[in-house]
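The lines below spell out each chain.
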There are 2 protein chains.
Amino acid sequence: MAKEGTEIAEETEQMIDQKEPDNPVSAAVDPKEMRAVVLTGFGGLNKLKVTKKPMPEPQRGEVKIRVKACGLNFLDLMVRQGNIDNPPKTPLVPGFECSGIVESVGENTKGFEIGDRVMAFVNYNAWAEVVCTPLDFVYKIPDDMTFSEAAAFSMNFVTAYMMLFEVANLREGMSVLVHSAGGAVGLAVAQLCSTVPNVTVFGTASPFKHEAIKHSVTHVFDRNIDYVPEVKKISPDGVDIVLDCLCGENTGKSLTLLKPMGTYILYGSSNMVTGETKSFFSFAKSWWQVEKVNPIKLYEENKVIAGFSLLNLLFKQGGCNQVKTAVQKLLSLYDQKKIKPVVDSLWALEEVKEAMQRIHDRGNIGKLILDVEKSPTPLSTKEDILKNID
Amino acid sequence: MAKEGTEIAEETEQMIDQKEPDNPVSAAVDPKEMRAVVLTGFGGLNKLKVTKKPMPEPQRGEVKIRVKACGLNFLDLMVRQGNIDNPPKTPLVPGFECSGIVESVGENTKGFEIGDRVMAFVNYNAWAEVVCTPLDFVYKIPDDMTFSEAAAFSMNFVTAYMMLFEVANLREGMSVLVHSAGGAVGLAVAQLCSTVPNVTVFGTASPFKHEAIKHSVTHVFDRNIDYVPEVKKISPDGVDIVLDCLCGENTGKSLTLLKPMGTYILYGSSNMVTGETKSFFSFAKSWWQVEKVNPIKLYEENKVIAGFSLLNLLFKQGGCNQVKTAVQKLLSLYDQKKIKPVVDSLWALEEVKEAMQRIHDRGNIGKLILDVEKSPTPLSTKEDILKNID
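Owing to the predicted nature of the structure, the values given are computational and were not obtained by experimental measurement.

**Side note on the packing of aromatic side chains**
Then, in step 1: For the coordinates displayed, the defined rule picks out 14 aromatic pairs over all chains.
Then, in step 2: Ring geometry for Phe202(A) versus Phe221(A): centroids 6.2 Å apart, planes at 15°, classification stacked. Taken together, the residues span a long stretch of sequence, with Phe202(A) in strand 9 (residues 200-205) and Phe221(A) in strand 10 (residues 219-222) at a distance of 19 residues.
Then, in step 3: Here Tyr161(B) and Phe165(B) contribute two aromatic rings whose centre-to-centre distance is 4.9 Å and whose plane-to-plane angle is 45°, an arrangement assigned as tilted.

Here it is in structure tokens:
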């Protein structure tokens, strides 16, 4: 991994658009341009570069945000590979969430003012210095929330919250199984579970993360072993809620683990990602490989099966009001100090490849953040950091 | 229907066990015997008769109930036809719920005393003068609840409650589609929906029931037309919750009608019953005919699909505590006069065939009750009644 990382780092030195030879952060600012990460085509890490783009301006109902931090999610890898349903055309600026300061507002944007500290969802285009997005997707953040925390907040906590409390109806005394328990959604799930009395959390994670997450996850298992017998040893009846971001064979295994009246929720398909570029037909293949469910079986077994995609809810299905309600409830929990986003690491825009590699290798504990104002770490320092990580 | 009904009535005159030629209700009582409805084999109405059976006595943890009233459900028709998964051996006494008075108790039945007015679930054997069942399935009833109401209460209201509030998480402003809106579950669903502000209920029912249910169901459609375009005319986005007791092609239609974050619950399969006796392989056929659901589709569409079988939860899956909690909440709603079971009609044990025919023909509005102390209606009166029904 260190070797691979070093290679990426060397490449990163080259990836800054050649039209802008200076250090991009200290460069003189042209008000009609901004820096952004651009995906030039679907594929490997080499499809990503940082370049100048025309400055966007807010349309009616939109706010313009001077971005401070962006969230990096596993889904961004799948987008890079084109491993999603109906991928958009490239080139594109990836990224679905960010935080920053409102720089200007379009018409009809009541409730927002220049200078507001906000976090926002964006339908692509988040990984840039400036973003415009409809106010339906923008939320003011508390004074004591850092921009990194805010960029780590919206996608993962809203996903965790809506799955646990709106789809699955988590209540006192229940049990929850979550994969990638050390990832940002996993940690959000564990924190939200701790707001309900007497909830048992089962989690799978790479062994090196166990120490870091054991305070919030009741029982942690190695992600490389079969978790089904391990869970059954502790809870022979199974669990009430399974949150599955893996897909594939996990669907059938999870249904087996569900108690009567239990709920299985599929919210990702990271098992589809095996290498740096997608395998041909991998999206279609997973569609056919996943076990289809007969409603009569659900009737006989008293089980619930669901899917949750926050981005589809927001951008395809008009669910912004439902999401806004969830955000308000989450911000209230944040104010009560019951939840707090865990940031794994901060990366400059120019370091997006290393960041992506880290999430691909499941090296992170918590959220990876692109810090727009950060300068790329010099190569020598980076080698030290990578040595320490390994 | 009148002709068929008359034929059944004549047959009923013969169906009382020939060993007991007197009017069964006024006959001298042998304390070692009781009357019960017996299903002699799977098939048509002619497989049902009323006969004497040995008096059951309570085992450890059981209470013995002098039955006053029994509930008749659509599921009892399916049992009669043998149209269920893993049917038990015949002869058997059908029936899953009753109300009555505790006559004696086994050991270890703390909390129950002789004379208690109760309602109970039974794993078969409810349609008899006396029933023994574990106290986990027995609930005391309020003083002002009649035995008929109690026998109409447990199965249908618990089913409606658990589907709406535990599987589907019904909240203010949501919409619900329920089929057989004039049946006992349908009416329970509508009453429970009215306990939540601003819930819209869509229902399907035979046209002659529309007048009777229009106060509790917001929009009623003829059960013989396609409800999908009718619902979409009123609510183009669809509905939040679909409760499906029909199965078959309704599963796919219902999923189409669901809003994002909506929940479809299959809780019965009355479409499997087409005639008096089951068609060969009809259970297996319906298993294959129902559309299987791909979890990835649920992920993309943000939808939830569930099944609910109260009897499996109670008798196969150890869910008696969950059910007890639901019963307590429902009895509290009854005390607050927010819900009240609707009884369609009372029938003597000897009239079980007419009662079954009535539910088969979907002639009922609310619950059919077998009233154990009722004498069969004389044939002449019955003809008048049947004429009036038509």
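Alright, that's what it looks like, and here's the rest.
**Looking at the interface of chain B and chain A**
Then, in step 1: Opposite the 41 residues of chain B that make contact, chain A presents 41 residues.
Then, in step 2: Of the roughly 3,700 Å² buried between chain B and chain A on both sides combined, carbon and sulfur atoms contribute 60%.
Then, in step 3: The interface formed by chain B and chain A contains 2 salt bridges.
Then, in step 4: At the level of secondary structure, the elements contributing two or more residues to the side of chain B that touches chain A comprise helix 4 (154-167), strand 12 (258-266), helix 9 (282-289), helix 10 (295-301), strand 13 (304-307) and helix 11 (310-315) of chain B.
Then, in step 5: If you tally residues by element for the side of chain B that touches chain A, the top one is helix 10 of chain B, at 7 residues.
Then, in step 6: Of the residues belonging to the side of chain B that touches chain A, the class tally is 21 nonpolar, 11 polar and 9 charged.
Then, in step 7: Summarising the sheet, strand 13 (residues 304-307) of chain A and strand 13 of chain B pair through 3 bridges and their orientation is antiparallel.

**Notes on the packing of helix 7 (residues 227-234) of chain B against helix 8 (residues 250-257) of chain B**
Residue and element names in this part refer to chain B.
Then, in step 1: At their nearest, the axes of helix 7 and helix 8 sit 10 Å apart, and the two run at 10° to each other. The pairing of helix 7 with helix 8 is recorded here as roughly parallel in orientation. On the side of helix 7, the interface is formed by Tyr227, Val228, Val231 and Lys232, while helix 8 contributes Asn250, Lys253, Ser254, Thr256 and Leu257.
Then, in step 2: When grouped by side-chain class, the residues that make up the contact of helix 7 with helix 8 number 4 nonpolar, 3 polar and 2 charged.

**With respect to the pairing of strand 6 (residues 130-134) of chain B**
All names here are of chain B.
Then, in step 1: Taken across its 5 residues, strand 6 has 4 buried, putting it largely inside the fold.
Then, in step 2: With 5 bridges connecting them, strand 3 (residues 62-72) and strand 6 associate as antiparallel partners. Looking at the pairing, Lys64 lines up with Cys132 of strand 6.

**As for the pairing of strand 1 (residues 33-39) of chain A**
All names here are of chain A.
Then, in step 1: Here strand 1 lies mainly inside the structure; 6 of its 7 residues are buried.
Then, in step 2: Taken together, the 7 bridges between strand 1 and strand 2 (residues 48-54) define a ladder with antiparallel strand orientation. Its bridge partner lying in strand 2, Val37 is registered against Val50.

About the cut-offs
Residues numbered from 1 in each chain as written. Chains lettered and ligands numbered in written order. Predicted model: local features only at pLDDT ≥ 70, side-chain atom pairs only at ≥ 80, totals over all residues. Heavy atoms only, no water. Phe/Tyr/Trp six-rings, centres within 6.5 Å; stacked < 30°, edge-to-face > 60°. Helix = DSSP H or I, 4+ residues; strand = E, 2+ residues; numbered from the N terminus. Contact = heavy atoms within 4.5 Å. Buried area = accessible area lost by both parts, 1.4 Å probe. Salt bridge = Lys/Arg side-chain N within 4 Å of Asp/Glu carboxyl O. Nonpolar A, V, L, I, M, F, W, Y, C, P; charged D, E, K, R; others polar. Pairing = 2+ DSSP bridges. Axes fitted to C-alpha atoms, helices over the stretch in contact; angles between N-to-C directions. Parallel < 35°, antiparallel > 145°, perpendicular 65-115°, else oblique. Buried < 20%, exposed > 50% of the residue type's maximum accessible area, 1.4 Å probe, protein only.

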